[in-house]
Each structure stands twice: as C-alpha cells, then as structure tokens.
Amino acid sequence: MIIVDDHLAVWALAGRSSRLWPGEVPTIPWGFHFRLLRALLDSRVRGRLSKGIDERMVRAALAPPTDVLMVLDPRYLTVTAAQIMSRHRLSVVTSELLAAALVHGAPVHVAEANVGRSWRDAFAHEGVAIHIHPSTM
C-alpha cells in the first residue's frame, strides 16, 4: 500500500501514475479525498486540481474504481491523527495523511505543491517515508 495526496490521486485517476508506484493501487485518506471532490465539484473556480479535468474524471473521483484508487475510512485513524496533531503543528488532513501511513506501515507519496514547512520534520520524527514528486508531470 502507498498513501497519496489529492494531486497524486488525480494522476492515478488519469492513469498517469503507474511509473510512480508499479503494481500498487494508491490509497487516499478521506480528508484529501474530500479536498479533491470539493475542488472538482466547485465549478466557480479552476485551480491546480481541477484544471483540465473532464466529466469522466469527476465521475471517477466521486466513486473511484478500487483497482485505480482506494479511499481510506477515517474512523480508525482519528485517534492517531489527533495524537500526531498534538505533537506537530499540522493540519487535520496532514495529520490524517501521516496517521494513515503509521497505521498501515506504508510510505507516503505527495506532490511538492502540497508539502508544508514542517512536513519533512514531522514525517522524519514519526519514522514515515515521504516521497515528494514535482507538482506537474
């Protein structure tokens, strides 16, 4: 299992991710899935996530095919995410991302545009591998 952010989830849904995680189905935490859906469904704004997205991609994001992208249930990550948030100054979605990696013993792959100032230190402190990819591929 590998854990991904919303940007890499878009790449997975577009079929552009196989070289990043060959043989794996990327898994997105619920908070990042929510951010992705919010960006895709808000037709008033076109940003990094929604730029160039067509209706097929929106449908795929709403109910991702399980062989392309898995969405994690947040309930069993909540306690760990709250503990992480109390140790590090991270947002809820970042704490959940790190919690997912800890609970599943999985590496994290994220787009550079999402990486906050304290991410590298927090991930290193928690012993989680983080792979940062250029935001455009």
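Remember, predicted model here, so these are calculated numbers, not experimental data.

(A) Focus on the nonpolar core. Membership of the largest hydrophobic core comes to 41 residues, with the highest contact counts inside it found for I3, V4, L97, V108 and W119. At the level of elements, β1 (2-4), α1 (6-13), α2 (30-41), α3 (55-62), α4 (78-87), α5 (92-104), β4 (108-111) and α6 (119-126) are the ones that each hand at least two residues to this core. Those residues in contact with V108, other than ones at most four positions away along the chain, are I3, L97, A101, F123, V128, A129, I130 and H131.

(B) Expanded view of the pattern of salt bridges. For the structure shown, the criterion picks out three salt bridges. A salt bridge links R35 to D6; its shortest N-O distance comes to 2.9 Å. Pair noted here: R35 is in helix α2 and D6 is in helix α1, with a separation of 29 residues, a long-range link. Since its relative accessible area comes to 26%, R35 is described here as partly exposed.

(C) Spatial organisation of the sheet that holds strand β2 (residues 26-28). Spatial strand order, β3-β2-β1-β4-β5: five strands in an open sheet with parallel pairing. Edge positions in the sheet fall to β3 (70-71) and β5 (130-133), since each of these pairs with one other strand and no more. Inspection of the sheet shows β2 paired to β3 by two bridges, in the parallel sense. Bridged to T27 within β3 is M70. Contacting β1 and β4, α5 crosses the sheet at an angle of about 175° to β1.

(D) Here's a closer look at the confidence of the model for the protein. Looking at the protein as a whole, its pLDDT mean stands at 90, while 91% of the residues score no less than 70. At the low end of the mean pLDDT range in the protein sits α3, at 87; at the high end sits α5, at 97.

(E) Seen up close, α5. The terminal C-alpha atoms of α5, which comprises 13 residues, lie 18 Å apart, in line with the 18 Å expected from a rise of 1.5 Å per residue. V93, T94, S95, E96, L97, L98, A99, A100 and A101 are the residues of α5 that are buried. Its buried side turned inward, α5 meets β1, α2, α4, β4 and α6. Among the residues trailing α5, G105 stands out with phi positive, at a value near 60°.

(F) Spotlight on the side chain of H133. Looking at the secondary structure, you find H133 in strand β5. Assessed through its relative accessible area of 13%, H133 is described here as buried. Look past the residues within four positions of H133 in its chain and what remains in contact with it is L8, W11, L20, H109, V110, A111 and E112.

(G) Spotlight on the environment of A82. Tracing the backbone through its elements, the reader meets A82 in helix α4. Linking A82 and D54, residues 28 residues apart in sequence, is a C-alpha distance of 36 Å.

(H) A look at the packing of α2 against α3. Close contact between α2 and α3 brings their axes to 10 Å; oriented N to C, the two are set at 150°. For the element pair α2 / α3, the angle class is roughly antiparallel. Relative to α3, α2 is oriented so that their crossing is left-handed. Across the interface between the two elements, H33, L36, L37, L40 and L41 of α2 pack against V58, A61 and L62 of α3. When grouped by side-chain class, the residues that make up the contact of α2 with α3 number seven nonpolar, one polar and no charged.

Conventions used here
- Residues numbered from 1 in each chain as written.
- Predicted model: local features only at pLDDT ≥ 70, side-chain atom pairs only at ≥ 80, totals over all residues.
- Heavy atoms only, no water.
- Core = buried A, V, L, I, M, F, W, Y, C linked by side-chain atoms within 4.5 Å.
- Buried < 20%, exposed > 50% of the residue type's maximum accessible area, 1.4 Å probe, protein only.
- Helix = DSSP H or I, 4+ residues; strand = E, 2+ residues; numbered from the N terminus.
- Contact = heavy atoms within 4.5 Å.
- Salt bridge = Lys/Arg side-chain N within 4 Å of Asp/Glu carboxyl O.
- Pairing = 2+ DSSP bridges.
- Axes fitted to C-alpha atoms, helices over the stretch in contact; angles between N-to-C directions.
- pLDDT = per-residue confidence, 0-100.
- Expected span 1.5 Å × (residues − 1).
- Parallel < 35°, antiparallel > 145°, perpendicular 65-115°, else oblique.
- Left-handed = near helix turned anticlockwise from the far one by under 90°.
- Nonpolar A, V, L, I, M, F, W, Y, C, P; charged D, E, K, R; others polar.

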